[in-house]
Amino acid sequence: MTDIQKFYADAGRIKKHNRAENGGAYDSQRVTESIIELFVSNNPSMRSLAESFADYWKKTFVDGSADAENEPSAENIEKLGALQSLLDGERDGIERFSASDFKALCELVNYEAEELPIDILEKMMMVFVEKQAV
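About the criteria used
Residues numbered from 1 in each chain as written. Predicted model: local features only at pLDDT ≥ 70, side-chain atom pairs only at ≥ 80, totals over all residues. Heavy atoms only, no water. Core = buried A, V, L, I, M, F, W, Y, C linked by side-chain atoms within 4.5 Å. Buried < 20%, exposed > 50% of the residue type's maximum accessible area, 1.4 Å probe, protein only. Helix = DSSP H or I, 4+ residues; strand = E, 2+ residues; numbered from the N terminus. Phe/Tyr/Trp six-rings, centres within 6.5 Å; stacked < 30°, edge-to-face > 60°.

Student: Quick question: what am I supposed to make of the nonpolar core here?
Tutor: Generally speaking, a soluble globular protein has its nonpolar side chains buried in company with each other. Within the largest apolar cluster, 38 residues are counted, with the highest numbers of intra-cluster contacts made by Phe39, Phe53, Leu83, Leu87, Val109, Met124 and Phe128. Here this core takes eight residues from helix α3 (residues 47–62), the largest share from any one element.

Student: Is there a simple way to think about the packing of aromatic side chains in this case?
Tutor: Pairs of aromatic rings are described using the distance from one ring centre to the other and the angle between the two planes. The final tally for this structure, using the stated rule, is six aromatic pairs. A centroid spacing of 6.3 Å and a plane angle of 70 degrees characterise the contact between Phe7 and Phe39, whose relative ring orientation is edge-to-face. Highlighted residues: Phe7 in helix α1 (residues 3–21) and Phe39 in helix α2 (residues 28–41), separated in sequence by 32 residues. The pair Phe7 / Phe39 is uniform in exposure class, with both members buried. Each member of the aromatic cluster is reached from another via a ring pair, and the members are Tyr56, Phe61, Phe97, Phe102 and Phe128.

Written out as structure tokens, the structure reads:
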């Protein structure tokens, strides 16, 4: 199982356990916050950037959803997984983001650049250059 697959499985478990703990009721805010905690904890060496990415994800994709009671949706969890991939220096799932998403993510990376491992920073910047976000 890859790290991304494990992330998706853990996120699924969070959603499932939330329903079980609440007698079948679903607390989307609680699930969203738990998945954000999972995401941030997966990135201890880049905690600040992971928090910024998670905040962007929540505000952009989850909070603006027409179906807020059922968030985070599978599609939005995949977007968070794509952000994990980007933090890992990979490209899995990044096609899910628009040009404006890449510009916003690039700004977040630029703000945190001094604190990032150089190899990961280089890989992310290559993606942003390719996506014309710089």
